[in-house]
Structures are given as structure tokens and as C-alpha cells.
Amino acid sequence: MKDRPTTNDNFFMKTNFNLENFISEHVTGRSVSLLSSDFDKYSSALKTKINNRKVLVIGGAGTIGSHYIKAILKFDVASLVVVDINENGLTELVRDLRSSVEYNIPDTFITYPVNFGDRVFEKLFREHGPFDIVANFAAHKHVRSEKDIFSIEAMIENNVLKARKLLDLLLEFPPEHFFCV
């Protein structure tokens, strides 16, 4: 019977594996992002629209929301409030951001493990707002949610009814920019 592999047997430990190089060589076939020329071209305009702004990200612990946060923290936002029902995901996000030197984390950086459809969300919104930029990534994905009546009901409640409550709140305190998945 063969012994279980040890970390010394691990391919990634034996080689000097670089994930970014692997992706550029074998996945995308390019070393530069397709968007890099746009970022260069519009860098000044982006700075004008993002720097010194108060930002609210809903669903910020998810895949898309966390990447949005990482992108926006390349700028100098005045404050960042992140809301997500995934408390562990928020913790991981904070650890990831604080352990990196590439992000400009504002003095006011707060995470809340709160559902954006709850009354407590409205309270925190009123306390920390108004916001200049609001991005809502808290969506149930339809592909996973169409399997049964309960999942469909949860999807409609989150993606329609709670989103409507958010829109009503934003009518009262309109942001300069709003995005919703």
C-alpha cells in the first residue's frame, strides 16, 4: 500500500508555479487584460468619479461583489460600507484586503452581516449615508433557483421585493451612481 502523498510530493510545491503566468499562457493566451487600454484611456475620468466618494456595496462578500470592492479600492474612496448575509465571507474579505498593500482602504471601512431587505439595513443606510455610489450584488442566481417552488419564491423575494425596497430608499437618498445585478 502506497503512503499518502505529503506536501513535498505536491506539484505546486515542487515547481515554482505562478498562477497568473499559467492563466495568461494556457487559458487566455494573453498577458494583458482586454480592458487595460480602457482603464488607461479613462483613468482620469474614473478617478474623478470614484475618488473621495462614499460607497455602499451590497452582497460584497460574494465573488462578483468582492472583486468589485478590490477594483474600487484601487482608487481613494472616502468611505466603504459593505453589507452581506455571509458573515464568514465578510471576515475573509476583510482579511484579504488588510493583508494586501495594493488596496487603498479608507479610514471608514465597515462591514455588516445584514440582509439588505431587513429594517436594520435601512437604519444603517440612514446612519452612514447618503452614498455617492451604491452597488447591489445580492442576487439569487436564476440557474440555481429554478429547481423548486421555494427557491423561486426566495429568488423573487430577494431579486424583486427587497430590490424594490432598496430602490425606494434610493429615491429618498439618490446616489450619483447605482448598479444592481
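A brief structural summary. Quick caveat, the model's predicted, so the values are computed rather than measured.

Right, let's get into the overall build of the protein. For the protein, the count of helices and strands is 9 helices and 5 strands. Per-residue burial over the protein gives 31% buried out of 181 residues. Of all intrachain contacts in the protein linking residues separated by at least 6 positions in sequence, the fraction that spans at least 24 positions is 71%. For the protein, the exposed surface amounts to about 12500 Å²; the carbon and sulfur share of it is 54%.

This part is about the pattern of salt bridges. Tallied over the full model, the rule gives 8 salt bridges. The shortest N-O distance in the salt bridge between Arg95 and Glu92 comes to 3.0 Å. On the criterion of helical spacing, the pair formed by Arg95 and Glu92 is a turn pair, its members being 3 residues apart in helix α6 (residues 87-98). A cluster of three or more residues bridged by salt bridges with shared partners is formed by Lys49, Arg53 and Glu176.

With that settled, consider the packing of helix α5 (residues 63-72) against α6. Remark: α5 packs on α6, axes separated minimally by 12 Å, with the N-to-C direction vectors making an angle of 25°. It follows that α5 is roughly parallel to α6 by the angle criterion. The handedness of the crossing between α5 and α6 is right-handed. Here Ser66, Ile69 and Lys70 of α5 come into contact with α6, specifically with Leu93, Asp96 and Leu97.

What follows covers the side chain of Arg53. Within the fold, Arg53 resides in the loop between α4 (43-50) and β1 (54-58). There is a polar contact of 3.3 Å between the side chain of Arg53 and the side chain of Glu176. Contact partners of Arg53, with chain neighbours within four places excluded, come to Thr48, Val77, Ala78, Ser79, Asp132, Ile133 and Glu176.

Read from one edge to the other, the open sheet built from 5 strands follows the order β3-β2-β1-β4-β5, with strand pairing classed as parallel. Pairing within the sheet leaves two strands with one partner each, and these edge strands are β3 (108-112) and β5 (177-180). Going across the sheet, the axis of each strand differs from the next one's by a mean of 5°, ignoring polarity. Pairing of strand β4 (residues 133-136) with β5, which is carried by 4 bridges, proceeds in the parallel orientation. Opposite Val134, over in β5, you have Phe178 as the bridge partner. Of the strands in this sheet, β2 (79-83) and β3 touch α6, which is tilted by about 155° from β3.

On the surface, Phe17, Leu19, Phe22, Ile23 and Val27 cluster together into a nonpolar patch covering about 430 Å² of accessible area. Summarising the element assignment, Leu19 is placed in helix α2 (residues 19-27). Here Leu19 falls in the exposed class, since its relative accessible area comes to 52%.

With that out of the way, let us pick up the pairing of β2. Buried residues dominate β2, accounting for 5 of its 5 residues. Where burial is concerned, the two faces of β2 agree: the one with Ser79, Val81 and Val83 and the one with Leu80 and Val82 are both buried. The pairing of β1 with β2 spans 5 bridges and is parallel. Note that in β2 the partner of Val55 across the bridge is Leu80. As for the winding sense of the linkage, the β-α-β connection from β1 through α5 to β2 is right-handed.

Reading the values: rules and limits
Residues numbered from 1 in each chain as written. Predicted model: local features only at pLDDT ≥ 70, side-chain atom pairs only at ≥ 80, totals over all residues. Heavy atoms only, no water. Helix = DSSP H or I, 4+ residues; strand = E, 2+ residues; numbered from the N terminus. Buried < 20%, exposed > 50% of the residue type's maximum accessible area, 1.4 Å probe, protein only. Contact = heavy atoms within 4.5 Å. Areas by Shrake-Rupley, 256 points an atom, 1.4 Å probe, with all protein chains shown as cover. Salt bridge = Lys/Arg side-chain N within 4 Å of Asp/Glu carboxyl O. Axes fitted to C-alpha atoms, helices over the stretch in contact; angles between N-to-C directions. Parallel < 35°, antiparallel > 145°, perpendicular 65-115°, else oblique. Left-handed = near helix turned anticlockwise from the far one by under 90°. Polar contact = N/O pair within 3.5 Å; in protein donor to acceptor, adjacent residues only side chain to side chain. Pairing = 2+ DSSP bridges. Patch = residues over 30% accessible without salt bridge, like charges linked within 9 Å, V, L, I, M, F, W, Y side chains within 5 Å. Right-handed = clockwise from strand over helix to strand, strands pointing away.

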